[in-house]
Amino acid sequence: MADHLEEKEIESAVKKFGAKKEALISILQEIQKKQGFLSEETVLCLSEKLDIPVSQIFGVASYYRAFSTQPQGRHTIQVCDGTSCHLKGGSHLLTRLERELKVAEKGTTEDLKFTLEKVRCQGYCHVGPAVKIDDTVHGSVTQEKVVKLIEEQK
Amino acid sequence: MMKISTKADLEAVREKGEDLLYPPYPRIMVGMATCCIARGADKVMSALEEEVKKKGIKASVVPVGCMGLCHREPTVGVVQPGKPKVAYGPVNPEEVPDFMQSIISEGVDKKRALYRTDSEYLLLNGESYRYITGAVPEAFKGIPEYSDAPFFKKQLRVVLRNAGYINPESIEEYIAKGGYGSLLKVFQMKPEEVIGEVTRAGLRGRSGGGFPTGAKWLSCRKAEGAVKYVLCNASEGDPGIGMHKSLLESDPHSILEGLIIGAYAIGAQEGYIYISSGYPLGMKRMEKAVEDARACGLLGKNIMNSGFGFDVTVKEGGGAYVCGESTALMASLEGRIGEPRPKYIHTAEKGLWDSPTDLNNLETWANVPVIISKGAKWYAQIGTEKSKGTKVISLSGNIKDPSLVEVPMGTPLRDIIEMGNGMVKNRKLKAIQIGGPAGGVLPAESATLPLDFDQLSQAGSNLGSGGLMVMDEKTCMVDITRYFLNFLKEESCGKCVPCREGLKKLIELMERMSMGIGTKEDLGLMEELSLAMEKGSLCELGKTAPHVFTSTLRYFKGEYEAHMDGKCPAGACKDLVFYSIDSSICTACGTCIPVCPVNAVAGEAKKIPSIDLKKCIKCGACIEVCEAEAIKA
C-alpha cells in the first residue's frame, strides 16, 4: 500500500477533481506532478478509491505520454524532435545526449540525476532546435551548447 | 469584477480597457508567449519593470501575446501618448537600460526599431485608432510603417486580431478591442439565424478536414438529446505547429467567445476546452479567461440576461497525438484511453457520454466572433470559391525567419515562404511540407499553389492545421518520410490492424531504403500497403499516414532510385554517407576541430583539417558549425 505521505497526496488529488471515473486523467496528472511518477502502490490505492480496475488505470497511465510508471531523475531533459527541430538537427542532439549521459531515450541515469526524453513538438518551432531542461526552454541549441547546458546542471 | 448584462455594461468595461490600452503615460508591451519566453522575454519583462521603477517613470509594463515576429524575439512594443506605436526587437535583457534611456531621451530607440504604427485598424469595430496626433514626429520618420512592411503587407489578421496587442490575461483589454460584442449580438438573433450566418460565411474546420462548420452545428442542433456539449480541440500535436499554442497564449477570450456563441446556436449547456499536455502557459491563460468570463457573468446561468445558460471546463490532455481525433478526444475526456471509434455513429448525435456533441478546433472557434460581428458577406469575400476566410500559418523549417503569419485563403504558398526571408545559409528550396504528418511533401515548383483545402488535397497534400515546413537541399526525402512514419508509429493507438501493422511494415521497408538495400519490389509492396491503410484504417491517423510516402514517391522518385543504388544525394542517411572536407571551400578556421565528440577531426592552426573516417560517427556536429559549408556528407 502507498505510504502515509503518498496516500495523503492521492487523497487530496481525488478530492480536488472528485471521485468520478472521468476525473481519472486529471487525478493522475496531479499525482504525477507531485510524485514525479505513478508507482504501483499509487495505482492500487487509486483503484480502490475510484472503483476502477487496476488494469484500466495502468492502461491509461501507460497510454498517455504525460505519465510515467518509473521514478524520474531530478532533472528532466526533453529534446524536441518535432519536424522543424528535426530538420534543424534535433535528432542529432538526442544522439549526442544519449552518448554524453550514457543513457537511452526515455531512460534515467544511474545516479537518478537526469531523465532523457524525446518530445514531439511543444510549439517551439520558431526557436528550434529546442531542448527543455525542467521548466526552462533553450532555443537554437547546438551540440556544443547542449553539452554545456548539461555541465551546468551537474 | 463587474457583471455584464447590457450594452451599457459592456461599454463601461470597454472604456476601462481603453484606459489600459491607451493610457496617458507610456505602455510598454513585452511579447510573452512561450516561444518568446524561450528567447528570454521573461527576463526582459522583469528588467523593464525594474528599470521603470529605478528611473521613477510612470509607465505600465504588460505582457502581450505573439506578434508573429518570432525571429526578432524578444520583442517589445511601446505606446506613448500622441506618438506612433513602435515595435522593437530583439531587445535582450542586458540591453534594457540602454533601450529605456533612448526611449526616455529621444522617444524612440532607432537601433532596435522594427516597425511603427501611426493608426491601427480595429477589425471588429471597423474603426481606426489613431496613435499620433498631427504629423509623424521627426524622430520616427525613418522607421518603416507597419502596413508597408513586406512581412505584414500580404497578411490579414482576423484570428490573430489581438495577438501581440492585448494582455491575454485582461478581459477588459479584450473587450476594448470589440470583444464579447458578438456574444451580445447573437442573443438578439435566433439560434438558427446564427447557424445560417456561419453557413453563409463558408467557414470550414481549421483542423485539417475542412468540414463546413455551419452544417456541423446544424446537425448537432437537430439531434435529439436533453444534454448537448460543445468542445474545443486545442490538442493537435502536429509536429511543427507552434500556432495553437500561440493563439491560446495570445488571445484566449477570442476562442472562448466563439465557443459560447456556438453553444447558444447549438443549444448546448456544457463545454470543454481540451488542451494538449505540455502547454502549461496556454492552459493557465485559458483558465484565467474562463474564470474572468464567469465573474463577468459571460458564463454561467442566464448569460447577459438572455435566459441562456452555459459553462466551460478546461481540461488538460494526456499527451497523445491521436487525441486530436474527435472520438479519441471524447474518450479521453471521459477518462479513458484515447482510442477512436468507427465513424458510422456520428458524434453530432452520440458523442461525449453518448450525448449530441459538436467539436471544433480552436482556430475555427476564434473565427466565429468575427463572422457575427462583420457579417457572413464580409467574411465570404475573403479567400477562394470554396475556402473562405484566412488561415494562420506556422512557417518554419530551414528558413531564415520562422514566423507566425495569417493570410487570406488563396494566397500562393510562395508568398508565405517569402515572408520567411529566404533559406538558412542561402541553400536552395527543395520541398514544402504542409499539413503535418497527415499532409504530403510537395516539390519546390508547387510553391505556386494557393492556400486552399481542395487544391492542396488534389496535389497530394492537405492543409491540415496549417504548419508550413520549408525544406532545403540537405533534406533527404527518404529520411523525412521515415521520420514522419516513425512519428505516426509511435502515436498510433494500436486499435486497428491496418494502421498498427501497416506502419510497422512501411518503416521496415523504408529502413531498407535508407540503408541502400531497398528494391523495386519493396516500393511496389509499400504502394500496396499504403492503399490498404488508406482504405482500411479506422481513423484519419491511419488513413492519411501513407501520404508522406506516396507524395515523396510521386514527386521525388529519383531520390528513391538513388538510394536503391546506394547513394543518398542529400547526405542524410548515415549508412550511405562519409564525411569529407572540400579543400577548395574550407577557410581553415578550425571551428570544427574542438566540436567533434570523438576527436575524428584533426588539424593544425590555419591548415585544412582532415576527418578520420574510422573514428567518425557521423553525428553532424562539425557540419553544424561550418559556416563555409565545406564539410560534405
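1. Notes on the overall build of chain A
The helix and strand inventory of chain A stands at 7 helices and 4 strands. Its helices and strands taken in sequence order, chain A reads α-α-α-α-β-α-α-β-β-β-α from the N to the C terminus. Across its three principal directions, the C-alpha atoms of chain A cover 50 × 30 × 25 Å. Burial statistics for chain A: of 154 residues in total, 39% are counted as buried.

2. Observations concerning the overall build of chain B
Secondary structure summary: chain B contains 25 helices and 20 strands in total. Judged by the C-alpha coordinates and their principal axes, chain B covers about 75 × 65 × 40 Å. Burial analysis of chain B (633 residues in total) assigns 57% to the buried set. A separation of at least 24 residues holds for 72% of the contacts in chain B among residues at least 6 apart in sequence.

3. What about the domain arrangement of chain A?
Structurally, chain A comprises domain 1 (4-63) and domain 2 (75-153). Its C-alpha centre places domain 1 of chain A at a distance of 29 Å from the equivalent point of domain 2 of chain A.

4. Things to note about unusual backbone geometry
Following Gly128(A), the chain continues into Pro129(A) via a peptide bond in cis, with omega recorded as -5°. With respect to the secondary-structure elements, Pro129(A) resides in the loop between strand 2 (114-119) and strand 3 (131-133). Look at the link from Gly89(B) to Pro90(B): it is a cis peptide, with omega at -10°. With a phi close to 45°, Asn302(B) is a non-glycine residue in the positive phi region. In this structure Asn302(B) comes out as exposed when scored by C-beta crowding, with 11 C-beta atoms within 10 Å. The residue Asn305(B) is not glycine, and still its phi comes out positive at about 55°.

5. Notes on helix 1 (residues 7-21) of chain B
Residues and elements named next belong to chain B. In a regular helix each residue adds 1.5 Å, so 15 residues correspond to 21 Å; helix 1 covers 20 Å between its end C-alpha atoms and thus fits that length. Looking at helix 1, one finds that the buried residues are Leu10, Val13, Arg14, Gly17 and Leu21. Within helix 1, the buried residues cover an arc of 110° as seen down the axis, which keeps them to one side. With respect to the buried face of helix 1, the exposed residues turned more than 90 degrees away are Ala8 and Glu15. Elements that come into contact with the buried residues of helix 1 comprise helix 6 (171-176) and helix 7 (181-186).

6. As for the sheet that holds strand 1 (residues 75-80) of chain A
Residues and elements named next belong to chain A. Here 4 strands make up an open sheet; going across it, the order is 2-1-3-4 and the pairing mixed. In this open sheet, the two edge strands, each paired with only one partner strand, are strand 2 and strand 4 (136-138). Each adjacent strand pair in this sheet contributes to an overall mean axis angle of 20°, direction not counted. With respect to the sheet, helix 6 (residues 90-101) is in contact with strand 1, strand 2 and strand 3, its orientation differing from that of strand 1 by roughly 150°. Running at roughly 0° to strand 3, helix 7 (residues 143-153) makes contact with strand 1, strand 3 and strand 4 of the sheet.

7. Side note on the domain arrangement of chain B
Many analyses report the size of an interface as the accessible area lost when the parts associate. Residue and element names in this part refer to chain B. Once the domains are mapped, chain B shows domain 1 (19-146), domain 2 (180-379), domain 3 (390-472), domain 4 (477-564) and domain 5 (578-633). Computed over C-alpha atoms, the centres of domain 1 and domain 2 are 33 Å apart. Each residue belonging to the side of domain 1 that touches domain 2 can be placed in one class, and the counts come to 5 nonpolar, 2 polar and no charged.

8. Comments concerning the nonpolar core
Residue and element names in this part refer to chain B. Ranked by internal contacts, the top residues of the largest apolar core, which has 221 residues, are Val30 and Ile260. If one sorts the elements of this core by residue count, helix 11 (residues 252-266) sits on top with 9 residues. Residues Ile581, Ala621, Cys626 and Ile631 belong to the second largest nonpolar core, which totals 13 residues.

9. Focus on the environment of Cys70(B)
On the secondary structure map, Cys70(B) appears in the loop between strand 2 (60-64) and strand 3 (76-79). A residue is classified by how many C-beta atoms lie within 10 Å of it, and Cys70(B), with 30 of them, is buried. Considered as a pair, Cys70(B) and Gly31(B) are 39 residues apart in the sequence and their alpha carbons are 9.6 Å apart. Dropping the residues within four chain positions of it, Cys70(B) is found in contact with His126(A), Cys35(B), Pro402(B), Ser403(B) and Leu404(B).

10. Here's the deal with the interface of chain A and chain B
Contact residues are listed per partner, giving 38 residues for chain A and 43 residues for chain B. A class-by-class count of the residues in the side of chain A that touches chain B yields 15 nonpolar, 16 polar and 7 charged.

11. Points about the sheet that holds strand 10 (residues 311-316) of chain B
All names here are of chain B. Judged by pairing direction, the sheet is parallel, and its 4 strands sit side by side in the order 10-9-8-11 without closing on themselves. The open sheet has two free edges, formed respectively by strand 10 and strand 11 (357-361), since each of these has just one partner strand. With strand direction ignored, the average angle separating the axes of adjacent strands in the sheet is 20°. Direction of pairing for strand 8 (residues 229-234) relative to strand 9 (residues 270-275): parallel, over a ladder of 6 bridges. Among the inter-strand pairings, Asn233 is bridged to a residue of strand 9, identified as Tyr274. Contacts from helix 12 (residues 280-295) reach strand 9 and strand 10, with the element oriented near 165° to strand 10.

12. Considering the packing of helix 19 (residues 497-514) of chain B against helix 20 (residues 520-536) of chain B
Residue and element names in this part refer to chain B. Their axes nearest at 10 Å, the elements helix 19 and helix 20 cross at an angle of 160°. With respect to their mutual orientation, helix 19 and helix 20 come out roughly antiparallel. Handedness of the crossing formed by helix 19 with helix 20: left-handed. Contacts between helix 19 and helix 20 involve Pro498, Cys499, Gly502, Lys505, Leu506, Leu509, Arg512 and Met513 from the former and Asp522, Leu525, Met526, Leu529, Ala532, Met533 and Gly536 from the latter. For the contact of helix 19 with helix 20, the per-class residue count stands at 10 nonpolar, 2 polar and 3 charged.

13. Remarks on the pairing of strand 13 (residues 403-408) of chain B
All names here are of chain B. The element strand 13 is extensively covered by neighbouring structure, given that 6 of its 6 residues are classed as buried. Direction of pairing for strand 12 (residues 390-397) relative to strand 13: antiparallel, over a ladder of 6 bridges. In the strand pairing of strand 13, Lys391 is matched with Val407. Counted between consecutive antiparallel strands, the loop separating strand 12 from strand 13 contains 5 residues.

14. Side note on the packing of helix 1 (residues 4-17) of chain A against helix 3 (residues 40-50) of chain A
Residue and element names in this part refer to chain A. At a closest axis distance of 11 Å, the pairing of helix 1 and helix 3 adopts a crossing angle of 45°. By the angle between their axes, helix 1 is oblique relative to helix 3. As helix 1 runs across helix 3, the sense of the crossing is right-handed. Taken together, the residues of helix 3 that come into contact with helix 1 (itself represented by Glu6, Glu7, Ile10 and Val14) are Glu41, Thr42, Cys45, Leu46 and Lys49. Residues of the contact of helix 1 with helix 3, tallied by class, amount to 4 nonpolar, 1 polar and 4 charged.

15. Quick look at the confidence of the model for chain B
As a note on interpretation, predicted positions should not be read in detail where pLDDT is low. This prediction gives chain B a mean pLDDT of 94; 99% of its residues lie at or above 70. Note on the complex model: pTM 0.94, ipTM 0.90.

The rules we used
Residues numbered from 1 in each chain as written. Chains lettered and ligands numbered in written order. Predicted model: local features only at pLDDT ≥ 70, side-chain atom pairs only at ≥ 80, totals over all residues. Helix = DSSP H or I, 4+ residues; strand = E, 2+ residues; numbered from the N terminus. Buried ≥ 20, exposed ≤ 12 C-beta atoms within 10 Å, placed from the backbone. Contact = placed C-beta atoms within 7 Å. Domains from an automatic or database assignment. Expected span 1.5 Å × (residues − 1). Arc of directions from axis to C-beta. Pairing = 2+ DSSP bridges. Axes fitted to C-alpha atoms, helices over the stretch in contact; angles between N-to-C directions. Nonpolar A, V, L, I, M, F, W, Y, C, P; charged D, E, K, R; others polar. Core = buried A, V, L, I, M, F, W, Y, C linked by C-beta atoms within 7 Å. Parallel < 35°, antiparallel > 145°, perpendicular 65-115°, else oblique. Left-handed = near helix turned anticlockwise from the far one by under 90°. pLDDT = per-residue confidence, 0-100.

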